[in-house]
Amino acid sequence: MRGWIALLLMLFACFNVQAQSPVLLHTVLNQLSQHTAVRAAFTQQRQNPALATPQNSSGQLLFVTGHGMLWQVQQPYQETLALTGNQTVRIDASGHVQPVRNERGVSQISQMLQSMLAGQLDAVMRQFNVSADGTAAQWTLHFTPKQARVAQVLRSIQLDGDAYLQGIRIDMQDGTLTDIRMTNTREAGPLSELEKHALGLP
């Protein structure tokens, strides 16, 4: 379950741009692609119809264009996941890795964010319809899946931000709703040896 929540963060890759949004969409992609390595704090709330109360977690994330993302949960438990391409692994304190099984539909979702944040529009135009609202200074993107196998799992994704991605809202077909908010988003600066190893960097 923890792996599934974290994998949902890796979101975007493909959509059919609607007529009213291409200029804003290109502007947003250009803004996001300017930041090749980004750190942020995150808070996540997950609402599940089967549970009486939401599940909350928080921690730190690191995104490096072309290499993937580290998702470091700090509360209420400690866990580090490395999401690279369509692969996800769990990393312990000593740097040992353990593969995490992708659940149905997650591999498609998990590749989206990397393509989006890298500004790869061609990679973002195959599986989702998208509409864009707002301005370059404060924008929202709405995604709905085109492929039936993805639509069986995922209802919609909403992203919002400014110069950086600030929020992700994931609405699943089973009624599960995940809200992720990012704060203190900034250029990553030097990476630790563990971070480089986890993302396959020299």
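Residues numbered from 1 in each chain as written. Predicted model: local features only at pLDDT ≥ 70, side-chain atom pairs only at ≥ 80, totals over all residues. Heavy atoms only, no water.

Concerning the nonpolar core
Which entries qualify depends on this criterion: The set of buried Ala, Val, Leu, Ile, Met, Phe, Trp, Tyr and Cys residues whose side-chain atoms join them within 4.5 Å is what this entry labels a nonpolar core. Only protein chains enter the area calculation, which uses a 1.4 Å probe; residues under 20% of their type maximum are buried, those over 50% are exposed, and those in between are partly exposed. Helix and strand definitions here come from DSSP, where helices need a minimum of 4 consecutive H or I residues and strands a minimum of 2 consecutive E residues; each element is numbered from the N-terminal end. Contacts are assigned to residue pairs that have any heavy atoms within 4.5 Å of one another.
Trp71, Leu141, Leu159 and Met182 are the most contacted members of the largest nonpolar core, which totals 33 residues. With 5 residues, the top contributor of residues to this core is helix α2 (residues 22-33). If we ignore the near neighbours within four places in the chain, the residues touching Met182 are Ala40, Ala41, Phe42, Leu61, Leu165, Gln166, Gly167 and Ile168. Of all hydrophobic cores here, the second largest spans 11 residues; its members include Ala37, Leu70, Leu191 and Leu199.

Section: the environment of Arg155
What counts, and what does not: Two N or O atoms form a polar contact when they lie within 3.5 Å of each other; inside protein one atom must be a possible hydrogen donor and the other a possible acceptor, and for residues adjacent in sequence the pair counts only when both atoms belong to side chains.
If you trace the backbone, Arg155 turns up in strand β10 (residues 154-161). In this structure Arg155 comes out as partly exposed when scored by relative accessible area, which is 37%. Separated by 15 residues in sequence, Arg155 and Ile170 place their C-alpha atoms 7.9 Å apart. Not counting residues within four places of it along the chain, the set of residues in contact with Arg155 comprises Phe143, Thr144, Pro145, Asp171, Met172 and Gln173. Polar contacts involving the side chain of Arg155 include one to the side chain of Gln173, which spans 3.2 Å.

What about the environment of Ile157?
Summarising the element assignment, Ile157 is placed in strand β10. Taking the C-alpha atoms as reference points, Ile157 and Leu141, separated by 16 residues in sequence, lie 8.2 Å from one another.

So, the side chain of Gln166
Positionally, Gln166 belongs in strand β11 (residues 165-172). Relative accessible area serves as the criterion here: at 16%, Gln166 is assigned to the buried category. Those residues in contact with Gln166, other than ones at most four positions away along the chain, are Asp160, Gly161, Ile180, Arg181, Met182 and Thr185.

Some details on the pairing of strand β5 (residues 79-84)
Rules: In short, DSSP must find at least two bridges between two strands for them to pair.
With 5 of 6 residues buried, β5 is to be regarded as a mostly interior element. Pairing of strand β4 (residues 68-75) with β5 involves 5 bridges; the strand directions are antiparallel. Paired with Val73 across the strands is Glu79, a residue of β5. Remark: 3 residues form the turn of the hairpin made by β4 and β5, two consecutive strands paired antiparallel.

Notes on the pattern of salt bridges
Stated formally: We define a salt bridge as a side-chain nitrogen of Lys or Arg found within 4 Å of a carboxyl oxygen belonging to Asp or Glu.
This model, assessed by the stated rule, comprises 6 salt bridges. One salt bridge connects Arg155 with Asp171, and the closest N-O pair in it is separated by 3.5 Å. Pair noted here: Arg155 is in strand β10 and Asp171 is in strand β11, with a separation of 16 residues, a long-range link.

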